[in-house]
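# Reading the structure
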Amino acid sequence: MKHLLTIIVILFSFGAFDASAQYRTSDFKVERKGMYLYADDGVRITKGNALDYMNWQTYSKCYLPGKRLFNAGIAISSIGGAIFTLCIAVHAYNMFTWEIASDTPEMYMPFDLIGAGIGLGFAALSIPLFASGVVLLNRTAERSGFGSCSSPELTFGPQPSGIGVGIRF
């Protein structure tokens, strides 16, 4: 009877060991690179595997809203940049053709410049969305075991995508 009880205990302990192997322990690190989170083993965290690296509360309160805000910031800044570029191109075309074709000045409403202002407004609106998304993604990394995250930096001069002013989060 003792041998049967010992075998049952050993089998249950192996079963418990195998069941705990499918869950990650809290000794791993999560790091944010751009808009993506990466685990310390190099795996990019997506919606499909995020619950393997964080609990449900961090996933629903930090990761999903942060990802959505960051993506909304990208979409709105892209739309604003496209509107601004198109309106400035139309304005330049109108000014060039008006100078050549017209001998007398005419009054016109600069709808193209108004559109350019709207495009700049979209681009300005995207900054708080980016910042809020980055804060939530940083909070996700902190709660998933990464530790402290860096604060935003304002840089002037050469940037990875050109020359100008840059905000790095």
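Up top is the structure these notes are about.
In this report, the structure presented in the accompanying data block is examined.

Reading guide: rules and limits
Residues numbered from 1 in each chain as written. Predicted model: local features only at pLDDT ≥ 70, side-chain atom pairs only at ≥ 80, totals over all residues. Heavy atoms only, no water. Pairing = 2+ DSSP bridges. Helix = DSSP H or I, 4+ residues; strand = E, 2+ residues; numbered from the N terminus. Contact = heavy atoms within 4.5 Å. Axes fitted to C-alpha atoms, helices over the stretch in contact; angles between N-to-C directions. Phe/Tyr/Trp six-rings, centres within 6.5 Å; stacked < 30°, edge-to-face > 60°. Buried < 20%, exposed > 50% of the residue type's maximum accessible area, 1.4 Å probe, protein only. Lys NZ or Arg CZ within 6 Å of the ring centre and 35° of its normal. Patch = residues over 30% accessible without salt bridge, like charges linked within 9 Å, V, L, I, M, F, W, Y side chains within 5 Å. Areas by Shrake-Rupley, 256 points an atom, 1.4 Å probe, with all protein chains shown as cover. Salt bridge = Lys/Arg side-chain N within 4 Å of Asp/Glu carboxyl O. Polar contact = N/O pair within 3.5 Å; in protein donor to acceptor, adjacent residues only side chain to side chain. Core = buried A, V, L, I, M, F, W, Y, C linked by side-chain atoms within 4.5 Å.

### Side note on the sheet that holds strand 2 (residues 36-39)
The three strands lie next to each other as 1-2-3, forming an open sheet whose pairing is antiparallel. The outermost strands of the open sheet, each flanked by one partner alone, are strand 1 (30-33) and strand 3 (44-45). Two strands pair when backbone bridges link them, and strand 1 and strand 2 are joined in this way by four bridges, in the antiparallel orientation. For Lys33, the partnering residue across the bridge sits in strand 2 and is Tyr36. Its contacts with the sheet put helix 3 (residues 111-143) on strand 1 and strand 2, and the angle it makes with strand 1 is roughly 160°.

### Comments concerning the packing of aromatic side chains
Taken as a whole, this structure holds three aromatic pairs when the rule is applied. Taken together, a centroid distance of 5.8 Å and an interplanar angle of 25° make the contact between Tyr59 and Tyr63 stacked. Of this pair, Tyr59 and Tyr63 both sit in helix 2 (residues 56-101), four residues apart, which is roughly one turn of the helix. Under the relative-accessibility criterion, Tyr59 is labelled buried at 9%. Between Phe70 and Phe130 the ring centres are 5.4 Å apart and the planes differ by 75°, which places this aromatic pair in the edge-to-face class. Of the two residues, Phe70 sits in helix 2 while Phe130 sits in helix 3, which places them 60 residues apart along the sequence. One aromatic cluster is present, formed by Trp56, Tyr59 and Tyr63 through successive ring pairs. Sitting above the plane of the Tyr36 ring, Arg44 keeps its charged end 4.1 Å from the centroid.

### Some remarks on the pairing of strand 1
Put simply, side chains in a regular strand alternate between the two faces of the sheet. Where burial is concerned, the two faces of strand 1 differ: the one with Val30 and Arg32 is buried and the one with Glu31 and Lys33 is not. If you look at the hairpin formed by strand 1 and strand 2, you'll find two residues sitting between the two strands, and Gly34 has a positive phi there, around 70°.

### Topic: a nonpolar patch on the surface
Residues Phe111, Ile114 and Ile118 make up a contiguous nonpolar surface patch of roughly 320 Å² in combined accessible area. Mapping Ile114 onto the fold places it in helix 3.

### Some details on the side chain of Asp112
With respect to the helices, strands and loops of the structure, Asp112 is situated in helix 3. At a separation of 3.1 Å, a polar atom in the side chain of Asp112 contacts the side chain of His91. Residue contacts for Asp112: discarding those within four places in its chain leaves Cys87, Val90, His91 and Asn94.

### Re the nonpolar core
Core analysis: the biggest nonpolar cluster contains 16 residues, and Leu37, Ile45, Ala50, Met54, Tyr59, Tyr63 and Phe70 have the highest contact counts within it. Those elements that place two or more of their residues in this core are strand 2, helix 2 and helix 3. Every residue in contact with Tyr63, bar those within four places of it in the chain, is listed here: Leu37, Ile45, Thr46, Lys47, Ala50, Met54, Thr58, Leu137 and Thr140.

### Let's talk about the pairing of strand 2
Because side chains alternate across strand 2, one face comprises the buried residues Leu37 and Ala39, and the other comprises Tyr36 and Tyr38, none of which is buried. Relative to strand 3, strand 2 runs antiparallel, the two sharing two bridges. Bridging from a neighbouring strand, Leu37 pairs with Ile45 of strand 3. Joining the antiparallel neighbours strand 2 and strand 3 is a turn of four residues, in which Gly42 adopts a positive phi near 90°.

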